[in-house]
Amino acid sequence: MKNWTLKGLAAGKATTKWPASGENDGQDKLLGFPTFHPQDCRPACRECILKCPTRAFSTKTGVDDEESVALDYGRCINCQICVASCPTTALQSSSNLTFASKSRQDLVVDEGANSRENDELQSRVSSIFKGSLHVRHVDAGSCNGCESELQALSNPFYNLHRLGIFFTPSPRFADVLLVTGPVVPQMKGPLLRTYEAMPRPRFVIAGGTCPISGAPFDMGYSGGSGLEIHLPVDIFIPGCPPTPAAFIHGLLLLTDRINQRLHGGGYEQ
Amino acid sequence: MGTLVKVQVAASQLLNEARSLLQEGYRFQMAYLRYMGPVPEIVYLVDRGPNFEFLELTVRAETELPSLSDLVPLLSWYEREIMDLSDIIFTGNPEPFPLVLLEGMALTSLPFDPTSKEILQLFGDTTPPQLPEVLATQVQDLFWGPIRGDVLETGEFHFAYIGEEILHYTPRLFYKHRGIEQDLQQQDPESGVILAERVSGVGTICHGLAYCLAVEDALRLDVPRRAQLLRVILAEMERIYNNLHFFSMLSKTTTLKVGEAFGALLEERAKQINAQLTGHRFLRNVLAVGGLRRDLNADILPTILSNLQRDAIDYLDSLSVTQSYLDRLIGTGPLPADVAFDFGATGPVAHGSGIKRDLRVHHPYSMYERLSLEIPVRTGGDALARSQVRGEALISAFDLIRQATELLEPGEIAAASPTSQPELADGLGWTEGPRGSCFYAVRIRNGLLERVKIKSASFSNWKVFPLTVHSSNMMDYAINEASFGLTIAGADR
Ligand code: SF4
Ligand code: SF4
């Protein structure tokens, strides 16, 4: 007979101190979102637009009739294809992954546009949830990659409970609805019924690129175009899937316990 | 060698043909709808035994076709999916109600029909399912889902039970149906891998690789040796973290808290090693049609994996002497070998019921024929047997990575582009993933994907699972489900 208690004690502590202190967020060697500096683009180059599988790039014409390229991280699945296609240094691989944002606009790299941080949410949430946060997760058509990382939040390395964040079985006890997947047609009804069952105030997190824009499943008869057309979204966590650290960053951002790092598509190291 | 032998039969001959194939000991793998111009046909994929080409049996689809489900029970779900997505009816299908499109939902037109000009959309709201009538008194109904506790995939489960005994169990999946097969239509074959990698997140490699192999088969691409071996390493890395997850979940359902935590931590370490190797915790964004997108430094693996292997063995050893854990697994969810065979069980579920089939051995791909591999088998058919074959598969994955690393030599990692494009080309690709067999059948016309059929391991095993739940105990349900190690995303697509 195995004594698991002793085995557990002998194994010692496996939990990272991040984000309170230390750097060990478990993200070593991961490839993050590409950095984009449109000012370095070759004139009239369209390589990334043609190659990106999720149509994350778009063009727009400025006041001086100059066309510029914008990148929407809300459609980006970190596939790194654009980096390989870029003939200049405008697109580069990075290790930046904690991209959670309070506003959809902050996910867009767009020359000239300003960051519009959602200050209203900031004051609303932080006054309510001092101690703990209860999260109801809904899978609205994910590939299960996002679930796998949400489950990883409870492993001894990340140990989400230490941060006072808990997943609840019932929407009735939930403060936050965390949605994964693009919201496919057959999940729309169950999703909305879950939201209706939540007490107020209630907040919504789009966890992963899928629920932000539907990409890469925003096509066909049974795709979805994300959460925003169905529910008001408070926090956007792009990634395919977001890493556990990116999920934690997003959950802490909701309660103003951590700073947003992405503003107007630019990432603060 | 090609992968496919093609045979066409008339609808009137279908039943006879199926009977004679079964007499040969052949096994049906899947069935799907494909159009040849405006003409719909049903394609049956048949395994003729180790190292033989697969048989593709096609029958021109009329509005009514005889169901093969009585002869080949595993085909029932394929027939139901075809009935949901087309006008075709399989007469005699034993469970002729909706499968993929849930009650309350409807399509504006038909997904695979090239003659349809309507805009294609799925609309409506799900309504309660049609359930078999249970003729007994004092039967209680329990619906669990579609949104369940914790962080779980969406699925709805119905139990008809008396006291502790489950009389009848019906899983209602496909809430998550994304229509990926249709999304892939008209894409260029190279970019399709991005979606294939995202059919099932924890099956990124088994799906992505089966897709690449299918396209490479159709376009006759020769994948360089180094890329083939690195693909084996990726596939076995996927097996490692998935099986560690499996033991963590099995510990959880047997209320072995520390065992659950140990498994979860080992899984986390495995995912972090995935990241070291590929830059992605699920090994994404490396596979490409023709090989790999970039070379990988596998030299780092022997050292980092040896620690993980040692701790994984120690973990499995500890579990194997934990009486409370073993007691809950012994005799739970028994699956006899003939039922496993007829209903299509695959991977560890089949291996636990004494069926010794593994595509890596019987239809080797990507240089598995150069590696030595024992298929783990148990005859118990219960949760214990399923966990034991998982444990052996986990340990053998480390060994396979070592073997593949030793064979690695510097070299190319991508095939040369094909010089000419055939107007029409069919290809078949398959992998043995952590949960069992995964098949991709592709048809490429004029350089674009015309039809892609995806068969995931979980689609097969979900069909089998309910048979082990009927007449079982409520208390054992979660353990039994964990012992099957199913995912929903891959089945739903
Ligand atoms: S990394 Fe993002 S932006 Fe670049 S090609 Fe991939 S999805 Fe598009
Ligand atoms: S964002 Fe990516 S990982 Fe998450 S569910 Fe969507 S496809 Fe899967």
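Residues numbered from 1 in each chain as written. Chains lettered and ligands numbered in written order. Predicted model: local features only at pLDDT ≥ 70, side-chain atom pairs only at ≥ 80, totals over all residues. Heavy atoms only, no water.

With that out of the way, let us pick up the site of ligand 1. Inspection of the region around ligand 1 gives 13 residues, with A:Cys52, A:Cys76, A:Cys79, A:Gln80 and A:Cys82 positioned closest. Tallied by class, the residues present in the shell around ligand 1 amount to ten nonpolar, three polar and no charged. (Near = heavy atom within 4 Å. Nonpolar A, V, L, I, M, F, W, Y, C, P; charged D, E, K, R; others polar.)

Another point: the site of ligand 2. Surveying the vicinity of ligand 2 reveals the residues A:Ser142, A:Cys143, A:Cys146, A:Thr209, A:Cys210, A:Phe217, A:Gly239, A:Cys240, A:Pro241 and B:Arg284. Taken together, the residues near ligand 2 originate from chains A and B. Applying the majority rule of atoms within 2 Å of the grid points places ligand 2 in the largest cavity. Its residues assigned to classes, the shell around ligand 2 shows six nonpolar, three polar and one charged. (1 Å grid on protein atoms, 1.4 Å probe; cavity = no way out; pocket = protein on both sides within 12 Å on 5 of 7 lines; lining within 4 Å. Sits in = over half its atoms within 2 Å of the grid points.)

The next thing to look at is the confidence of the model for chain B. Caution is warranted with low-pLDDT regions, since their predicted coordinates should not be read in detail. Confidence in the prediction of chain B, expressed as mean pLDDT, is 93, and 100% of residues score 70 or more. Quick note on the complex model: pTM equals 0.94, ipTM equals 0.93. (pLDDT = per-residue confidence, 0-100.)

Residue and element names in this part refer to chain B. Look at helix α6 (residues 225-253) against helix α13 (residues 383-407): their axes get within 9 Å of each other, and the N-to-C directions meet at 155°. Looking at the two axes, α6 sits roughly antiparallel to α13. As for how α6 packs across α13, the hand of that crossing is left-handed. Grouping the constituent residues of the contact of α6 with α13 by class yields 17 nonpolar, four polar and five charged. (Axes fitted to C-alpha atoms, helices over the stretch in contact; angles between N-to-C directions. Helix = DSSP H or I, 4+ residues; strand = E, 2+ residues; numbered from the N terminus. Parallel < 35°, antiparallel > 145°, perpendicular 65-115°, else oblique. Left-handed = near helix turned anticlockwise from the far one by under 90°.)

All names here are of chain B. Ordered in space as β14-β15-β16, the three strands form an open sheet in which the pairing is antiparallel. For this open sheet the edge positions go to β14 (424-433) and β16 (448-455), each flanked by a neighbour on one side alone. The sheet shows a mean angle of 15° between the axes of neighbouring strands, direction not considered. Helix α5 (residues 204-219) rests against β14, β15 (436-445) and β16 of the sheet, and its axis sits at about 150° to β14. (Pairing = 2+ DSSP bridges. Contact = heavy atoms within 4.5 Å.)

On to the interface of chain A and chain B, then. Frequently, the measure chosen for interface size is the accessible area that the parts lose on association. With 58 residues of chain A at the contact, the number on the chain B side is 71 residues. Carbon and sulfur atoms supply 60% of the area buried between chain A and chain B, which totals about 5200 Å² over both sides. Looking at the side of chain A facing chain B, the largest losses of area belong to A:Trp4, A:Gln186 and A:Tyr221, adding up to 20% of the total buried there. Between the two partners, chain A and chain B, sit five salt bridges. In this structure, B:Lys271 engages A:Glu149 in a salt bridge whose closest nitrogen and oxygen atoms are separated by 2.8 Å. Linking chain A to chain B there are 30 residue pairs in polar contact (both at pLDDT 80 or more). Secondary-structure elements contributing two or more residues to the side of chain A that touches chain B are α1 (4-11), β6 (133-139), α5 (145-152) and α6 (185-196) of chain A. Counting residues per element, the side of chain A that touches chain B draws most heavily on α6(A), at eight residues. Taken together, the residues that form the side of chain A that touches chain B break down as 31 nonpolar, 18 polar and nine charged. (Buried area = accessible area lost by both parts, 1.4 Å probe. Salt bridge = Lys/Arg side-chain N within 4 Å of Asp/Glu carboxyl O. Polar contact = N/O pair within 3.5 Å; in protein donor to acceptor, adjacent residues only side chain to side chain.)

Let's shift gears to the pattern of salt bridges. Residues and elements named next belong to chain B. For the structure on display, the rule yields 48 salt bridges over all chains. Arg34 is the salt-bridge partner of Asp426, the closest N and O atoms lying 3.9 Å from each other. With Asp426 in strand β14 and Arg34 in strand β2 (residues 27-36), the pair connects residues that are 392 residues apart, well separated along the chain. Of the residues examined, Asp426 reaches a relative accessible area of 16% and is grouped as buried. For Arg34, a relative accessible area of 3% gives the class buried. Linking Arg493 and Glu81 is a salt bridge whose minimum nitrogen-to-oxygen distance equals 2.7 Å. Here Arg493, found in the segment after α16 (489-492), pairs with Glu81, found in helix α2 (residues 76-85); they are 412 residues apart in sequence, far enough to count as distant. We note that Arg493, like Glu81, is buried. Through salt bridges with shared partners, a single network forms among Lys6, Arg34, Glu41, Glu56, Asp426 and Arg443. (Buried < 20%, exposed > 50% of the residue type's maximum accessible area, 1.4 Å probe, protein only.)

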